[in-house]
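Here's the letter readout for the chains.
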Amino acid sequence: MINWSREPVLRQAGEQRSHVGMVELFYDLVFVFAITQLSHGLLEHLTPQGALQTGLMFLGVWWIWIFTTWCTNWLNPSSTAVRQLLFALMLLGILMSAALPRAFADRGLVFALAYVAQHLVRTLYMIRAFSPRTSHGRNFVRVFLWLLASGVFWVLGGLADTEARLAWWAIAIGIEYLGPIAFFRAPGLGASTTADWDVDPHHMGERCGLFVIIALGESLLITGATFSGLEWDQPHMLGFLAAFFGTVAMWWLYFDSGSGRAVHHFENAADRGSVARLAYTYLHIPIIAGIILCAVADELVLVHPDHADNMGIAIILGGPFLYLLGNMLFKWATNPRRFPPFSHMAGLAILVALSVPAFGHMFSALALGWLTTTTLVLVALWEWFSLHRKQA
């Protein structure tokens, strides 16, 4: 039961809004588990249908996390009541994550109920915290109505057979992702405004950066665990090194300059709500998805360095492609430049060019893994030299 004590549940005026509480980091541990479940699920069902199902589950997991991040931007992490909320969300999140591998089998309803409960409990909490008479409170009433509508389709999908479940849940995800774009317009309440989304740039930037670290860390865990159980011969050692340097390059591309420059732009933006919605809520999706696919690709290269089928080739190329695309769009949206970064566009062009011989099975999985890693490293070096030349 939530304890509504005298401790303020909202961050107070004059308080450093960017403070990330330890309870938020504790909450994030649930999503280490969730991302691991997604990666392993894709590895076990490496088919177009398996990829589609995993992609839909990923969109749901991300939406749970990013919505909670928006809320904790306003909530006081030192409050006992806020901690109780996050602990309750953690319990529901663990149930949701545990059900992920069999969400399209016999645990669909468990997944759906745990998913919907997180959204509704958190949003009701925010309505109570702000009061529905305030602009923020009314905004969360609108959010609640949208999530209630999507929740109906989540539950219907959980009750449906496996073939129909994907369609029901795709409708649910569509409703949720359309909500911020439509400003959560609701009958009798009108639409929200970006003034209602006055998030703190440092808090949002740090929280999203931490999720990138979670995803990269999960990639390293998969690589290390897989490598430890293999023969340490030349092909497996080369596969391990390709995975490691690829992960380092991904870290560099996001954290060396991109995240810091983005927060600076965010802080000085005239419309912070729009920046938070586009750059952090939507454009981080391909970034995180790319990291998850790269983790799966690293395991494929490690276990089967000599050969990859078409689905494996798509994963090995698709992970770096999505990651570069997401970073390119994120940096373009958060920097006053006319064109996207040329380094990233060149990297994407290289990956597209590699797809022709790759799908012609001209490369082994190991060779293709090194080619994609080299591409990421080259893009990182290009950007680094370009930025440092401008500063000189």
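Here is what the cut-offs are and how they apply
- Residues numbered from 1 in each chain as written.
- Predicted model: local features only at pLDDT ≥ 70, side-chain atom pairs only at ≥ 80, totals over all residues.
- Heavy atoms only, no water.
- Helix = DSSP H or I, 4+ residues; strand = E, 2+ residues; numbered from the N terminus.
- Expected span 1.5 Å × (residues − 1).
- Buried < 20%, exposed > 50% of the residue type's maximum accessible area, 1.4 Å probe, protein only.
- Arc of directions from axis to C-beta.
- Phe/Tyr/Trp six-rings, centres within 6.5 Å; stacked < 30°, edge-to-face > 60°.
- Lys, Arg positive; Asp, Glu negative; His and termini not counted.
- Salt bridge = Lys/Arg side-chain N within 4 Å of Asp/Glu carboxyl O.
- Contact = heavy atoms within 4.5 Å.
- Polar contact = N/O pair within 3.5 Å; in protein donor to acceptor, adjacent residues only side chain to side chain.
- Core = buried A, V, L, I, M, F, W, Y, C linked by side-chain atoms within 4.5 Å.
- Axes fitted to C-alpha atoms, helices over the stretch in contact; angles between N-to-C directions.
- Parallel < 35°, antiparallel > 145°, perpendicular 65-115°, else oblique.
- Nonpolar A, V, L, I, M, F, W, Y, C, P; charged D, E, K, R; others polar.
- Patch = residues over 30% accessible without salt bridge, like charges linked within 9 Å, V, L, I, M, F, W, Y side chains within 5 Å.
- Areas by Shrake-Rupley, 256 points an atom, 1.4 Å probe, with all protein chains shown as cover.

Let us look at helix H8 (residues 234–255). Taking 1.5 Å of rise per residue, the 22 residues of H8 would be expected to cover 32 Å, and the 31 Å separating its terminal C-alpha atoms lies within 8% of that figure. Here H8 has its buried residues at His236, Gly239, Ala242, Ala243, Gly246, Thr247, Ala249, Met250, Leu253 and Tyr254. With its buried residues spanning 160 degrees around the axis, H8 presents them on a single face.

Here we come to the packing of aromatic side chains. Scanning the entire structure with this criterion turns up 37 aromatic pairs. When the ring of Trp146 is compared with that of Phe184, the centres are 6.3 Å apart and the planes differ by 85 degrees; the resulting orientation is edge-to-face. On the criterion of sequence distance, the pair formed by Trp146 in helix H5 (residues 135–159) and Phe184 in the loop between helix H6 (162–181) and helix H7 (201–228) is long-range, its members being 38 residues apart. For Trp146, a relative accessible area of 17% gives the class buried. For the ring pair Phe266 and Tyr280, a centre distance of 5.2 Å and an interplane angle of 25 degrees mean the geometry is stacked. You can see Phe266 sitting in helix H9 (residues 258–268) and its partner Tyr280 sitting in helix H10 (residues 272–282), a full 14 residues away along the chain.

Let us now look at the side chain of Glu299. Checked against the element boundaries, Glu299 lands in helix H11 (residues 284–303). For the buried Glu299, no salt bridge exists, and the shortest N-O distance to an oppositely charged side chain is 19 Å, to Arg102. Among residues more than four places away in sequence, those in contact with Glu299 are Leu43, Ile222 and Thr226.

This part takes up the environment of Val379. Summarising the element assignment, Val379 is placed in helix H14 (residues 365–391). For the pair Val379 and Trp252, spaced 127 residues apart in sequence, the C-alpha separation works out to 10.0 Å. In contact with Val379, not counting residues within four places along its chain, are Leu253, Leu324, Ser343, His344 and Gly347.

Topologically, Thr226 is positioned in helix H7. Within polar-contact distance, the side chain of Thr226 engages the backbone oxygen of Ile222 at 2.8 Å. Polar side-chain contacts of Thr226 include one of 3.3 Å to the side chain of Glu299. Dropping the residues within four chain positions of it, Thr226 is found in contact with Glu299, Leu302 and Val303.

What follows covers the nonpolar core. Counting residues in hydrophobic clusters, the biggest one holds 113 residues, and the most contacted among them are Met57, Trp62, Phe111, Trp154 and Tyr280. Those residues in contact with Met57 that sit more than four places away from it in its chain are Leu38, Leu100, Ala103, Phe104, Phe111, Trp154 and Trp169.

This part covers the packing of H7 against H10. Where H7 contacts H10, the two axes come as close as 11 Å, and the packing angle between them is 5 degrees. In terms of orientation, H7 lies roughly parallel with respect to H10. Here Pro201, Met204, Gly205 and Cys208 of H7 lie close against H10, whose contacting residues are Arg272, Ala276 and Tyr280. Tallied by class, the residues present in the contact of H7 with H10 amount to five nonpolar, one polar and one charged.

Right, let's talk about a nonpolar patch on the surface for a bit. On the surface, Leu220, Phe244, Phe245, Val248, Val377, Leu378, Leu381 and Phe385 cluster together to form a nonpolar patch covering roughly 670 Å² of accessible area. Secondary-structure elements contributing two or more residues to the nonpolar patch are H8 and H14. In terms of residues, the nonpolar patch owes the most to one element, H14, which gives four residues. When you line up the elements, Phe244 lands in helix H8.

A word on H6. Here H6 is 20 residues long and its end C-alpha atoms lie 30 Å apart, about the 28 Å a rise of 1.5 Å per residue gives. Three or more residues of H6 are buried, namely Arg165, Leu166, Trp169, Ala172, Ile173, Ile175, Glu176, Tyr177, Gly179 and Pro180. Just downstream of H6, Phe183 is the residue with a positive phi angle, here 55 degrees.

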